[in-house]
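For reference, the chains in residue letters:
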Amino acid sequence: MLKNHSSIPHHNANATIPSSCDLRSVAAHITQFITDYETGNMEALTALHFSRWTMLRRIDVGPHCFRFVKEVRIAGLDCLEEVAIGKNCFSSDLTSEGDPDRRFCLTDCARVKKVKIGRWCCCDYGVCRLANLPALETLQMGELGLESSVFMNAPALELKGA
């Protein structure tokens, strides 16, 4: 059925962060950060730091989001258990050689059990750092059997203390 095909954009009815949302207006006490399709694609949005949402248990970024974000920092969130990032997120140029100043850091989140990063995410990022994630059980990047190019320009995946 075409309506469920992965190439067709789908809006997330459960999104807590609609596509037109100004992230500064999102309440600090939320427990789930769930974005809709194509959220946060403004050129002015270049950094996404989750530290202000200290009660987060789940981060679920929908597909094609945060195209111009150069730095993603998820750090010190004691309640966080799951991070899921949809396809084509945090990637501004799929043909780029990568930028060492573009970075994804997930650190010091003691309860994180599952991290899933979709196809074509962070493909022009130069750094992927995962550290101090003692409960981590599942790390999935891309989709098995499909070209994924997740962090394709990062010289190394840094996984410490997980």
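The preceding data block contains the structure.
Residues numbered from 1 in each chain as written. Predicted model: local features only at pLDDT ≥ 70, side-chain atom pairs only at ≥ 80, totals over all residues. Heavy atoms only, no water.

A. Structural context of the packing of aromatic side chains. Following the criterion strictly, the structure yields 5 aromatic pairs and no others. Summarising the aromatic geometry, the rings of Phe33 and Trp53 are spaced 5.1 Å apart at their centres and angled 50° between planes, so their arrangement reads as tilted. Here Phe33, found in strand 1 (residues 32–34), pairs with Trp53, found in the loop between strand 2 (47–49) and strand 3 (58–61); they are 20 residues apart in sequence, far enough to count as distant. Take Phe33 and Trp53: they sit in the same class, and that class is buried. Among the aromatic residues, those joined into a cluster by ring pairs are Phe33, Phe50 and Trp53. (Phe/Tyr/Trp six-rings, centres within 6.5 Å; stacked < 30°, edge-to-face > 60°. Helix = DSSP H or I, 4+ residues; strand = E, 2+ residues; numbered from the N terminus. Buried < 20%, exposed > 50% of the residue type's maximum accessible area, 1.4 Å probe, protein only.)

B. Representation of the sheet that holds strand 1. Taken together, the 5 strands give an open sheet; going across it, the order is 1-3-5-7-9, and neighbouring strands pair in parallel fashion. Each of the sheet's edge strands pairs with one partner strand only, and the pair in question is strand 1 and strand 9 (138–141). Between one strand axis and the next, the sheet turns through 5° on average, direction left out of account. In terms of strand pairing, strand 5 (residues 82–85) meets strand 7 (residues 114–117) through 4 bridges, oriented parallel. By the bridge assignment, Glu82 is partnered in strand 7 with Lys114. (Pairing = 2+ DSSP bridges. Axes fitted to C-alpha atoms, helices over the stretch in contact; angles between N-to-C directions.)

C. Examining the nonpolar core more closely. Within the largest apolar cluster, 40 residues are counted, with the highest numbers of intra-cluster contacts made by Ile74 and Phe104. Of all the elements in the fold, those that place two or more residues in this core are strand 3, strand 4 (71–75), strand 5, strand 6 (99–107), strand 7 and strand 8 (125–131). In terms of residue count, strand 8 provides more of this core than any other element does, 3 residues in total. In contact with Phe104, not counting residues within four places along its chain, are Val72, Ile74, Ile85, Ile117, Cys122, Tyr125, Val127, Cys128, Arg129, Leu130 and Phe151. (Core = buried A, V, L, I, M, F, W, Y, C linked by side-chain atoms within 4.5 Å. Contact = heavy atoms within 4.5 Å.)

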